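Okay, here's what each chain looks like letter by letter:
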Amino acid sequence: MVDVVETGVLISGAGAAGLTSGIDLARRGVPLVLVDKAPHPFIGSRGKGIQPRSQEVFEDLGVIDRVVAAGGEYPPQRAYTDNGPVDSPVGELSPATTAEPYQIPLMVPQFRTERVLRDRLAELGQAPRYRHELVGFEADGDGVTARLATPGGERIVRAAYLVGTDGGASFVRKSLGIGFEGRTLGVRAIVADVYAEGVSAAFWHRWGENTSAQVSLCPLRGTEMFQLQAPVPFDVDVDLSAAGLTALLRERTGRDDVTVRSVSWASAFAMNARIADTYRRGRVFLAGDAAHVHPPTGGQGLNTSLQDAYNLGWKLAAVLGGADESLLATYEQERRPVAEEVLNLSTRLLREDRRRMSRGRESSQLDLGYSRSSLALADPDRDKGVLAGDRAPDAPVTGAGGPPTRLFTLFQGPHWTLLGYEADPGSAPTARAGLHVHLVGGDIRDTGDHVRDTYGLEPGQWVLVRPDGYVATVTRDVSSVEPYLQRVGVSAP
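This text gives an overview of the structure that appears in the document. Being a predicted model, the structure only gives us computed values, none of them experimental.

### A few points about the packing of helix 1 (residues 16-26) against helix 4 (residues 110-123)
Next, step 1: The geometry of helix 1 relative to helix 4 is characterised by a closest axis approach of 9 Å and an angle of 25° between their N-to-C directions. Taken together, the axis directions place helix 1 and helix 4 in an arrangement best described as roughly parallel. Every pair of crossing elements has a handedness; the one defined by helix 1 and helix 4 is left-handed. Contacts between helix 1 and helix 4 involve A16, L19, T20, G22, I23 and A26 from the first element and E114, L117, R118, R120 and L121 from the second.
Next, step 2: Looking at the contact of helix 1 with helix 4 residue by residue, the class counts come to six nonpolar, two polar and three charged.

So, in structure tokens, the structure goes:
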């Protein structure tokens, strides 16, 4: 007889999205099982760009310093032209501000990002189970019964919910018969992590720009490797060995002093832009590449995937804790438009091949929000400052006891935050688990009026901030907050 493992959430796929989902659920005390059919963690650099909004997410999850230490900033580009090498920055960078403390995209090889996430998950008492393949599942009104093929034989997991973070070829999506509409973009490319000689690690080297013979070598921060990228024809077998990649480099660069000594990881792939017909079927959800795939231009893929998981995690935890199940409908309502926007951006950048723009404001993801979500409780009379559905900005504040701190520090964790600006403390909702209440002019002081100016607040107004750092509402009528909190499972005792 096969033993049945009972859990809250089964996550299939231990990449960045699956690990983020695991961390977010684990820190909320939700029982989970995270499985992956691979024999070991992913070893490639593929999703190496960490955008500013994702850095904010990593701060909330408690890993930002480790992620930064695992990589570094993008190097300047060196384009080799007929008139000699031309150096330029990768993109237009803005200085950090009190409202947006992270402005510079980081380069962190994906395998190093995932290593940091696994370590954080371990701190929370969980770990991925490799060589555990989801081979079948059945969902009913109360949960999902899943079959796993493991080194020790078949295992059965009974979970309240199943989250498929199992990539573009998702078994979960295919098993549900969910369509994956879109198109192949007519571009095939190779990407490889290599140890190379003959080029400096101080530059991202690019040859043959805007031609079919282009090739690049980008130093991978945090390692001694380079990431080699190049378009290749669809109708040829590509030699991804060190000798084969050396030959390709020498043919396309016209140099015989560039040599690939060894290859750590390599892949040839066709670029696609696709999105699932639906992100949910009953108690089964799709996130990350299982829900959407797009070309690597713009450095959006890993970022969009982990933010899917970050959006879904608190909602699953809330419903498992007693919130109305209708809350789960807001996952697709909020994340699908983001994926559609990212698909449009990355496809346009591929067409225009504008690398400089791909590292600009529009790819930072700081301006993405959920203003059209049913969770955005908008005030029709409010026409300035931060609005419902917007990202909640950071700001410096000072505790009443004297130490300086930041709004992001107050937001950090799995709770909701209610911020009153010079408001009547007696009108605040009743204290409860899952809600932190702070009063500007009470337990915290507005350092340099940054909270007032950044949020556009007047005395007596309240701001409710979601666990994922987005504004739920800005209001003078704090009584409207109570039914909202009830809806999302933050009930008064």
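### A look at the pattern of salt bridges
Next, step 1: Evaluation of the coordinates by the stated rule reveals 27 salt bridges.
Next, step 2: Of the charged contacts, one joins E123 and R120 as a salt bridge, the two residues approaching to 3.0 Å between their closest N and O atoms. Pair noted here: E123 and R120 are both in helix 4, with a separation of three residues, about one helical turn.
Next, step 3: Take E123: its relative accessible area is 48%, and that puts it in the partly exposed class.

### Section: the sheet that holds strand 5 (residues 77-81)
Next, step 1: Pairing is mixed in the open sheet, where eight strands are placed in the order 6-5-13-14-15-12-16-19. Only two strands of the sheet have a single neighbouring strand rather than two, namely strand 6 (84-88) and strand 19 (292-293).
Next, step 2: Relative to strand 15 (residues 226-231), strand 14 (residues 215-219) runs antiparallel, the two being bridged by four bridges. Paired with C218 across the strands is Q227, a residue of strand 15.
Next, step 3: Together, strand 12 (180-197), strand 13 (204-207), strand 14, strand 15 and strand 16 (259-276) form the strand contacts of helix 6 (residues 242-253), whose direction differs from that of strand 16 by roughly 80°.

### Some details on helix 6
Next, step 1: Across its twelve residues, helix 6 extends 16 Å between first and last C-alpha, which sits within 8% of the 16 Å expected from 1.5 Å per residue.
Next, step 2: Regarding helix 6, the residues found buried are G244, L245, T246, L248, L249, R252 and T253.
Next, step 3: Those residues of helix 6 that are buried lie in contact with strand 12, strand 13, strand 14, strand 15 and strand 16.
Next, step 4: Directly after helix 6, the chain includes G254, whose backbone phi takes a positive value near 70°.

Criteria and thresholds
- Residues numbered from 1 in each chain as written.
- Predicted model: local features only at pLDDT ≥ 70, side-chain atom pairs only at ≥ 80, totals over all residues.
- Heavy atoms only, no water.
- Axes fitted to C-alpha atoms, helices over the stretch in contact; angles between N-to-C directions.
- Helix = DSSP H or I, 4+ residues; strand = E, 2+ residues; numbered from the N terminus.
- Parallel < 35°, antiparallel > 145°, perpendicular 65-115°, else oblique.
- Left-handed = near helix turned anticlockwise from the far one by under 90°.
- Contact = heavy atoms within 4.5 Å.
- Nonpolar A, V, L, I, M, F, W, Y, C, P; charged D, E, K, R; others polar.
- Salt bridge = Lys/Arg side-chain N within 4 Å of Asp/Glu carboxyl O.
- Buried < 20%, exposed > 50% of the residue type's maximum accessible area, 1.4 Å probe, protein only.
- Pairing = 2+ DSSP bridges.
- Expected span 1.5 Å × (residues − 1).

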